[in-house]
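One letter stands for each residue in the lines below.
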Amino acid sequence: MINNKLFTSLTLMGLFVFSSCNLDLTPEDTLSPKTYFKNGPQLELWANHFYSLLPDADDLAKQNADDNISSELGETLMGQRSAASEDGWNWDRLRDINYYLQHSNQCSDENARKHYDGVAYFFRAYFYFEKVKRYGDVPWYDQVLNSNEDKLLAKPRQDRELIMDSVMKDLDRAITMLPVKKDPVHVTKWTALAFKSRAALYEGTFRKYRGMNNYEKYLKQAADAGEEFINNSGYKLYTKGAEPYRTLFNSIDAVSDEVILTKKYSNTSNVRHSIPFNIIIYRQGFTKRFMNHYLMSDGSRFDEQPGWQTMGYVAETKHRDPRLSQTVLCPGYVQVDASKETVNDLSALTGYRPIKFVNASPYDGSLKAITDYPLFRAAEVYLNFAEAKAELGTLSQIDLDKSINKIRDRVGMPHLNMLAANTTPDNLLLQYYPNVTKNTNTGVILEIRRERTVELALEGFRLWDIFRWKEGQQLTKEFDGCYFPGPGEYDLNEDGIADILLYTTNKGNFKGASFKIGKDIILTNNTSGNIHALSNITISWDENRDYLWPIPASERVLTSGALTQNPGWTDTTNFN
């Protein structure tokens, strides 16, 4: 298992201490670069160290954007990013990867070397893609640096196109080197293809929505990688049981039919996450604009239903895309292994409480959950493929039928028809994505964004999607939740018994959960309207600055200003 091997790898690294200053001082009677990297097990042990680059489930699932919020919104929405912070700028893992690639040729086992070289190229691509997402232009290093290489150590930032082209080359190497056998806890050829579709789509759309050159190059790579994956990988969407979408995410062990790479959690390895706990303790809740993305179960649009804007919680959750009730706590929800329904108690800030990744109640505590967390899965690749082709203008109905419509088939939703979508684009989605490409494909692009929004909820994509689509202003909208027409008792599960009370002056003898309007709960129209969550917080967004992070001031000082600052950001250095 990765986690145990990682621990051993870290121990091993401690045995032969090397630094960029004095590699020649390694004790010759212990492990050294000259005596290590000699066989497959040694390469594997070192390469397993790279998996620590992968994100934690807790960080991904509680990432806030316009779709879901919690009591801790994070530095991006709160405007707390600063050049004084070095978070995200760590380069240690890159050195480990390049160090491996510098020495792996000492192994005489060609098959092992090919395999783990592929792992190294995958993770170097992963490392740099994360850097480009955060900082844009960064210096490219494909060698191990020593302390006397002053010129390289003070290397200036290089154009993001050069970096992303290098990422694509590393992924192409990985695709040819990695094994084809499915393995949900190790990277394979299919992981590399899935990642290529993700990274190329990000760069292609980021460039397109900013008028940058060569966006088509990356969108074509995303489409080609996605198509190869769809046609040849053997992965398929999980469709078993009455609620396959819900089961996919509350399974203890990753569903290998669909999940390409997972973050493994288990009691055996003593590695657990806190997603169900965080949902409760941070009052995590989906927003009304997220809920509005879900279609009706017959394929019609929610915003075309009479009175949709003033529908209460019970009414708005009826007859919707089944993924809604498998993602959000709705009337009739019963937790895994429970016998009693969990009724909405408005504990979520917006009233829309997530249930995705929630298993049985014994896993609800802090660091108690052991459900595997998918980092790459087939549905995302289908979405990447369809979006890339739509943005290129090469999408066909056949493409939709082997991607988006397979995702809809899983939950019994009607198929997306390209002609119908483009003939009548959804007006509400046009409001949510005002910068979307305006051409004959606008409608289908919006529908693909709809699918992406509901299918990938709480999987760490939404904020980055907003970034690449250049829709940052949407993060400043009010965080609205459930609608209430005024004070009164409300039955939130239709069992004939009132579950909550909203009141203005006196709650009387009500025994259930009660909320004083204006104090315990804020409504958009004072005594009526949608829950206005976090009403005391105002989000601002600078279009010329906030899509990238600031370069840490300390790094600019170390390079004597060779590292330039991102537009709009200031720091305490005296460099321009």
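Residues numbered from 1 in each chain as written. Predicted model: local features only at pLDDT ≥ 70, side-chain atom pairs only at ≥ 80, totals over all residues. Heavy atoms only, no water.

Observations regarding the overall build of the chain
Then, number 1: Scanning the chain from N- to C-terminus turns up 22 helices and nine strands.
Then, number 2: Taking 25 Å as the expected radius of gyration for a compact globule of 576 residues, we find that the chain reaches 25 Å, a close match to that expectation.
Then, number 3: Seen along its three principal axes, the alpha-carbon backbone of the chain occupies a region of about 80 × 55 × 50 Å.
Then, number 4: When the 576 residues of the chain are sorted by exposure, 57% land in the buried category.
Then, number 5: A sequence separation of at least 24 residues applies to 71% of the contacts in the chain between residues at least 6 apart.
Then, number 6: Accessible area of the chain: about 23,400 Å², with a carbon and sulfur share of 49%.
Then, number 7: Seen as two clouds, the 66 positive and the 74 negative side-chain charges of the chain have centres 1 Å apart. (Helix = DSSP H or I, 4+ residues; strand = E, 2+ residues; numbered from the N terminus. Rg over C-alpha atoms; globule rule 2.2 N^0.38 Å. Buried < 20%, exposed > 50% of the residue type's maximum accessible area, 1.4 Å probe, protein only. Contact = heavy atoms within 4.5 Å. Areas by Shrake-Rupley, 256 points an atom, 1.4 Å probe, with all protein chains shown as cover. Lys, Arg positive; Asp, Glu negative; His and termini not counted. Charge placed at Lys NZ, Arg CZ, Asp CG, Glu CD.)

Details of the packing of aromatic side chains
Where two aromatic rings form a pair, the distance of their centres and the angle of their planes describe that pair.
Then, number 1: Taken as a whole, this structure holds 42 aromatic pairs when the rule is applied.
Then, number 2: Considering the side-chain rings of Trp89 and Tyr135, the 4.8 Å spacing of their centres and the 85 degrees angle between planes classify their relative orientation as edge-to-face. Here Trp89, found in the loop between α4 (75-78) and α5 (92-103), pairs with Tyr135, found in helix α6 (residues 110-135); they are 46 residues apart in sequence, far enough to count as distant. When sorted by exposure, Trp89 lands in the same class as Tyr135, which is buried.
Then, number 3: Geometrically, the ring pair formed by Phe229 and Tyr235 is stacked, given 5.6 Å between the ring centres and 15 degrees between the ring planes.
Then, number 4: By relative accessible area, which is 0% here, Phe229 ends up buried.
Then, number 5: The exposure class assigned to Tyr235 is buried, which follows from its relative accessible area of 5%.
Then, number 6: In this arrangement the basic side chain of Arg173 is found over the ring face of Tyr121, its NZ or CZ atom lying 4.9 Å from the centre.
Then, number 7: The cationic tip of Arg320 hangs over the ring face of Phe302; the distance from NZ or CZ to the ring centre is 3.9 Å. (Phe/Tyr/Trp six-rings, centres within 6.5 Å; stacked < 30°, edge-to-face > 60°. Lys NZ or Arg CZ within 6 Å of the ring centre and 35° of its normal.)

What about the UniProt feature "domain: RagB/SusD" (unreviewed entry) in the chain?
Then, number 1: Those places that UniProt annotates as "domain: RagB/SusD" (unreviewed entry) correspond, in this numbering, to residues 260-569.
Then, number 2: Counted over residues 260-569, helix gives 26% and strand 11%. Its end C-alpha atoms are 38 Å apart. (UniProt positions renumbered as here; feature names shortened; annotations may be inferred.)

Section: unusual backbone geometry
Then, number 1: A positive phi angle, close to 50 degrees, is found at Leu534, a residue other than glycine.
Then, number 2: On the secondary structure map, Leu534 appears in the loop between β9 (529-533) and α22 (553-558).
Then, number 3: On the basis of relative accessibility, which here comes to 17%, the residue Leu534 falls in the buried class.
Then, number 4: The phi dihedral of Ser560 falls on the positive side, at around 55 degrees, and the residue is not glycine.
Then, number 5: Inspection of the secondary structure assignment puts Ser560 in the segment after α22.
Then, number 6: Among the residues examined, Ser560 registers a relative accessible area of 56% and is labelled exposed.

Section: the packing of helix α2 (residues 40-47) against α6
Then, number 1: As a packed pair, α2 and α6 sit with axes 9 Å apart at the nearest point and diverge in direction by 5 degrees. Between α2 and α6, the angle falls in the class roughly parallel. Note on element contacts: α6 touches α2 through Ala112, Arg113, Tyr116 and Val119, opposite Gly40, Leu43, Glu44 and Ala47.
Then, number 2: Classifying every residue of the contact of α2 with α6 by side-chain character gives five nonpolar, one polar and two charged. (Axes fitted to C-alpha atoms, helices over the stretch in contact; angles between N-to-C directions. Parallel < 35°, antiparallel > 145°, perpendicular 65-115°, else oblique. Nonpolar A, V, L, I, M, F, W, Y, C, P; charged D, E, K, R; others polar.)

Quick notes on the nonpolar core
Then, number 1: Ranked by size, the top nonpolar core spans 167 residues in total, and within it Phe122, Phe123 and Tyr128 carry the most contacts.
Then, number 2: Sort the elements by how many residues they give to this core and α6 lands first, with 14 residues.
Then, number 3: When we break this core down by domain, the ones giving at least three residues each are domain 1 (44-57 + 87-229) and domain 2 (477-533).
Then, number 4: Leaving out residues up to four positions away in the same chain, Phe123 has contacts with Phe50, Tyr51, Leu53, Leu54, Ile97 and Val187. (Core = buried A, V, L, I, M, F, W, Y, C linked by side-chain atoms within 4.5 Å. Domains from an automatic or database assignment.)

Focus on helix α15 (residues 378-392)
Then, number 1: With 15 residues, α15 extends 21 Å between its outermost C-alpha atoms, agreeing within 8% with the 21 Å of an ideal straight helix rising 1.5 Å per residue.
Then, number 2: Burial within α15 is extensive, with 14 of its 15 residues counted as buried.
Then, number 3: Taken from the residues just after α15, Gly393 is the one with a positive phi, measuring 85 degrees. (Expected span 1.5 Å × (residues − 1).)

Topic: the domain arrangement of the chain
Then, number 1: Under the domain assignment used here, the chain contains domain 1 (44-57 + 87-229) and domain 2 (477-533).
Then, number 2: Taken over C-alpha atoms, the centre of domain 1 sits 50 Å from the centre of domain 2.

Remarks on the pairing of strand β7 (residues 500-503)
Then, number 1: Of the two faces of β7, the one lined by Ile500 and Leu502 and the one lined by Leu501 and Tyr503 are each fully buried.
Then, number 2: Pairing analysis gives three bridges linking strand β6 (residues 488-490) to β7, with the strands arranged antiparallel. Note on β7: the bridge partner recorded for Gly488 is Leu502.
Then, number 3: Where β7 meets strand β8 (residues 513-516), four bridges bridge the pair, whose relative direction is parallel. Residue pairing in the sheet places Tyr503 in a bridge with Lys516 of β8. (Pairing = 2+ DSSP bridges.)

Describing empty space enclosed by the protein
Then, number 1: Throughout the structure, instances matching the rule amount to five cavities of 30 Å³ or more.
Then, number 2: Of the volumes computed, that of the largest cavity is approximately 100 Å³.
Then, number 3: Tallying contributions element by element places helix α21 (residues 462-468) first for the lining of the largest cavity, with three residues.
Then, number 4: Counted by class, the lining of the largest cavity contains seven nonpolar, four polar and five charged residues.
Then, number 5: Approximately 60 Å³ is the volume attributed to the second largest cavity.
Then, number 6: Lining the second largest cavity we find Glu75, Arg81, Ser82, Ser85, Asp87, Arg134, Tyr135, Trp549 and Pro550.
Then, number 7: By residue class, the composition of the lining of the second largest cavity is three nonpolar, two polar and four charged. (1 Å grid on protein atoms, 1.4 Å probe; cavity = no way out; pocket = protein on both sides within 12 Å on 5 of 7 lines; lining within 4 Å. Points joined across faces, edges and corners; volume = space filled by probe spheres on them.)

Section: helix α20 (residues 442-455)
In an α-helix there are 3.6 residues to a turn, and that puts residues three or four apart on one side.
Then, number 1: Between its terminal C-alpha atoms α20 stretches 20 Å, which fits the 20 Å expected from 14 residues at 1.5 Å a residue.
Then, number 2: Extensive coverage of α20 is indicated by the burial of 14 of its 14 residues.

Some words on the pattern of salt bridges
Side-chain pairs of opposite charge can arise where the charged atoms are in close proximity.
Then, number 1: Enumeration according to the criterion identifies 48 salt bridges in this entry.
Then, number 2: When the shortest N-O distance is used, the salt bridge between Lys196 and Asp172 registers 2.6 Å. With Lys196 in helix α9 (residues 189-208) and Asp172 in helix α8 (residues 160-177), this residue pair connects regions lying 24 residues apart in the sequence.
Then, number 3: Linking Arg450 and Asp426 is a salt bridge whose minimum nitrogen-to-oxygen distance equals 2.7 Å. Note that Arg450 is positioned in helix α20 and Asp426 in the loop between α18 (418-423) and α19 (427-432), a separation of 24 residues in sequence. (Salt bridge = Lys/Arg side-chain N within 4 Å of Asp/Glu carboxyl O.)

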